[in-house]
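# An overview of the molecular structure
Letter by letter, the chains look like this.
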Protein chains: 2
Amino acid sequence: MTGRDSIPAPAVQRLSLYLRQLEALQFSGVGTVSSKQLGRSLGLSDAQVRKDLGYFGQFGHPGVGYRVDGLIQRVRGILGTDKVSNVVLVGAGNPGRALASFRGFSKKGFEVVGIFDSDSSLAGQPLAGLPTCVIQPMREMAVVVRTKSVRLGILAVPAPSAQTAAAEMVAAGLRGILNFAPISLQTDPSIAVSTVDLAVHLEQLSFQMTGSAG
Amino acid sequence: MTGRDSIPAPAVQRLSLYLRQLEALQFSGVGTVSSKQLGRSLGLSDAQVRKDLGYFGQFGHPGVGYRVDGLIQRVRGILGTDKVSNVVLVGAGNPGRALASFRGFSKKGFEVVGIFDSDSSLAGQPLAGLPTCVIQPMREMAVVVRTKSVRLGILAVPAPSAQTAAAEMVAAGLRGILNFAPISLQTDPSIAVSTVDLAVHLEQLSFQMTGSAG
DNA sequence: TTTTGTGAATTGCTTCACAGCA
DNA sequence: TGCTGTGAAGCAATTCACAAAA
């Protein structure tokens, strides 16, 4: 295959931002957008936008710009979110339950089809946000992953349990993990991992602010 | 000033990861670490670790490595988290309350000293995680920011209200925003903004997984 | 010997600038 | 004219490789 891994990672990240912006434009009824407009709304140059999209194909119309509806379809196709994906949630503590009740997932094509916790005393308990889902013990995860073709898991357990939980997720057949525990997971390179660490973000802001003015 | 803005942004991001790892090493009683060990635990080369730390000073000892305790102090100093920072939370809905009860902030030197919501009917309501804090109306934010020297705010309101809320935060005197709303905030360049969008992370994982195998 | 710190070489990303199309 | 798509140029970040220190 020619393209795929020669595409810069930063370009793929921005692709998600373009999609988010395009969906906002679609919602406000805009039919067409230029690379200049799209870039400006995200603090990027027009050339950056065109180059990024260019890695994936030719979607624009010279003299016109990009058709919003069409480009949304194409970008979703590239990211693999044009079909609904089932995901599972691991960890039914405070953060896990907050994520379970988060509406944004389904809007973007992700459906939570199971929530698991190593504390079996929680098993059977229903969830505020997901009335069709009850908390299940970890050992049930593999069968849910298999029967519902789940590939992605969200990890929301305390840091000390996270590495073990991640291993269980991989053993259950998951291929990607969105990790909310503040540790660096050790996994096989074939497993996609993305870590969200609030402390890291606060530290970055702290550094930026320390830089300019007191 | 010589260094500051010639430091690559990726290096600053990794600095937070080094700190996280160093704190874990400290917790498990490790006194000294080499660039090779530190890099390996984060999936980075030893040269990368040394080069990154080299942007900020000389912290290592040839033949020995880096003293964990000392390096933690230095990195916290660089990031500006060696002293406690007060932060405010904007948005007392589900995500906001989940963030309020998050213990990780104080461990990293950030203390939530106020929570605000534009829905004044919530005002006065106490919070599960922060018993000393009650929800306050937005108009109280400016005085809290001033009296408690708050510079950083966490924005956790629905997307349609986020741009307005951000403007109010800036007007109240905040200099940095950790944004959980899935939009690109339009703010003055002097304001530091970091956006956490779960959908973006899921899309990135989806892309990576679509890449390798079905 | 082990490991740091750092110029030099390399790789990768972004910006430029313009041909081509509507 | 207005805008895309894209090689070429320029810039930034990473890796290499080695002198110096413990």
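Only a predicted model underlies this, so the values are computations on that prediction, with no experimental measurement involved. (Residues numbered from 1 in each chain as written. Chains lettered and ligands numbered in written order. Predicted model: local features only at pLDDT ≥ 70, side-chain atom pairs only at ≥ 80, totals over all residues. Heavy atoms only, no water.)

## Points about the domain arrangement of chain A
Threshold: All the domain ranges listed were derived from an automatic or database domain assignment.
For chain A, the domain assignment lists domain 1 (4–77) and domain 2 (85–199). Using C-alpha coordinates to define each centre, domain 1 of chain A is positioned 31 Å away from domain 2 of chain A.

## Observations regarding the protein's contact with DNA strand C
Inclusion rule: Think of it this way: one heavy atom of a residue within 4 Å of a molecule or strand is enough to make that residue near it. For the purposes of these results, a polar contact is taken to be a pair of N or O atoms within 3.5 Å, where, inside protein, one atom must be able to donate a hydrogen and its partner to accept one; residues adjacent in sequence count only when each atom of the pair is a side-chain atom. The helix count covers DSSP runs of H or I at least four residues long, the strand count covers runs of E at least two residues long, and both are numbered beginning at the N terminus. Residue classes follow a fixed rule: Ala, Val, Leu, Ile, Met, Phe, Trp, Tyr, Cys and Pro count as nonpolar, while Asp, Glu, Lys and Arg count as charged, and any other residue, Gly among them, counts as polar.
The full set close to DNA strand C counts 23 residues, and R14(A), S35(B), R50(B), G60(B) and Y66(B) are the nearest of them. Near the protein, within 4 Å, the atoms of DNA strand C are sugar or phosphate in 64% of cases. Within the side chain of Q58(B), an N or O atom sits 2.9 Å from a phosphate oxygen of DNA strand C. Contributing elements (two or more residues each) for the surface near DNA strand C: α1 (9–27) and α3 (46–54) of chain A together with α3 (46–54) of chain B. Among the residues forming the surface near DNA strand C, the class breakdown is nine nonpolar, nine polar and five charged.

## A word on the interface of chain A and chain B
Selection criterion: In what follows, residue pairs with any heavy atoms lying within 4.5 Å of each other are defined as contacts. Put simply, buried area is the surface a 1.4 Å probe can reach on two separate parts but cannot reach once they are joined, added for both. The salt bridge criterion pairs a side-chain nitrogen of Lys or Arg with a carboxyl oxygen of Asp or Glu, the two atoms within 4 Å.
Each partner contributes residues to the interface: chain A has 56 residues there, and chain B has 56 residues. The three residues of chain A that bury the most area against chain B are L202(A), E203(A) and F207(A), which together make up 15% of that side's buried surface. Counting the contacts that link chain A with chain B gives four salt bridges. Among the salt bridges present, the one from R20(B) reaches D197(A), with a minimum N-O distance of 2.9 Å. Those elements giving two or more residues to the side of chain A that touches chain B turn out to be α1, α2 (35–42), α4 (68–79), α5 (94–100), β7 (176–179), β8 (192–195) and α9 (198–212) of chain A. In terms of residue count, the dominant contributor to the side of chain A that touches chain B is α9(A) (14 residues). Classifying every residue of the side of chain A that touches chain B gives 29 nonpolar, 20 polar and seven charged.

## Here we look at the nonpolar core
Where a protein is soluble and globular, its nonpolar side chains tend to be buried together. Our working definition: Working definition of a nonpolar core: buried Ala, Val, Leu, Ile, Met, Phe, Trp, Tyr and Cys residues. They are joined through side-chain atoms within 4.5 Å. Whether a residue is buried, partly exposed or exposed follows from its accessible area with a 1.4 Å probe, protein chains only, as a fraction of its type maximum: under 20%, in between, or over 50%, in that order.
One finds F105(A) and F105(B) to be the most contacted residues of the largest nonpolar core, which totals 48 residues. Grouped together as the second largest cluster of nonpolar side chains are 23 residues, L25(A), V33(A), V49(A) and Y66(A) included.

## Let's talk about the protein's contact with DNA strand D
The environment of DNA strand D is formed by 23 residues, the closest being S35(A), R50(A), G60(A), Y66(A) and R14(B). For DNA strand D, the backbone makes up 65% of the atoms found within 4 Å of the protein, where backbone means sugar plus phosphate. Contacts to DNA strand D include G60(A), whose backbone N or O atom sits 2.8 Å from a phosphate oxygen. Between a base nitrogen of DNA strand D and a side-chain N or O atom of R50(B), the distance comes to 3.4 Å. In terms of residue class, the surface near DNA strand D is built from nine nonpolar, nine polar and five charged.

## Thoughts on helix α1 (residues 9–27) of chain B
All names here are of chain B. Put simply, the rule reads: An expected span of 1.5 Å times one less than the residue number is assigned to each helix.
Taking 1.5 Å of rise per residue, the 19 residues of α1 would be expected to cover 27 Å, and the 28 Å separating its terminal C-alpha atoms lies within 8% of that figure. Among all positions of α1, only A11, V12, R14, L15, S16, Y18, L19, R20, Q21, L22 and E23 are buried. Just downstream of α1, G29 is the residue with a positive phi angle, here 80°.

## Some thoughts on the side chain of H201(A)
Inspection of the secondary structure assignment puts H201(A) in helix α9. Looking at H201(A), the relative accessible area reads 18%, which means it is buried. Here the side chain of H201(A) touches S194(B) through a polar contact of 2.9 Å, side chain to side chain. When near neighbours in sequence (up to four residues on either side) are disregarded, H201(A) contacts L178(B), S194(B), T195(B) and V196(B).

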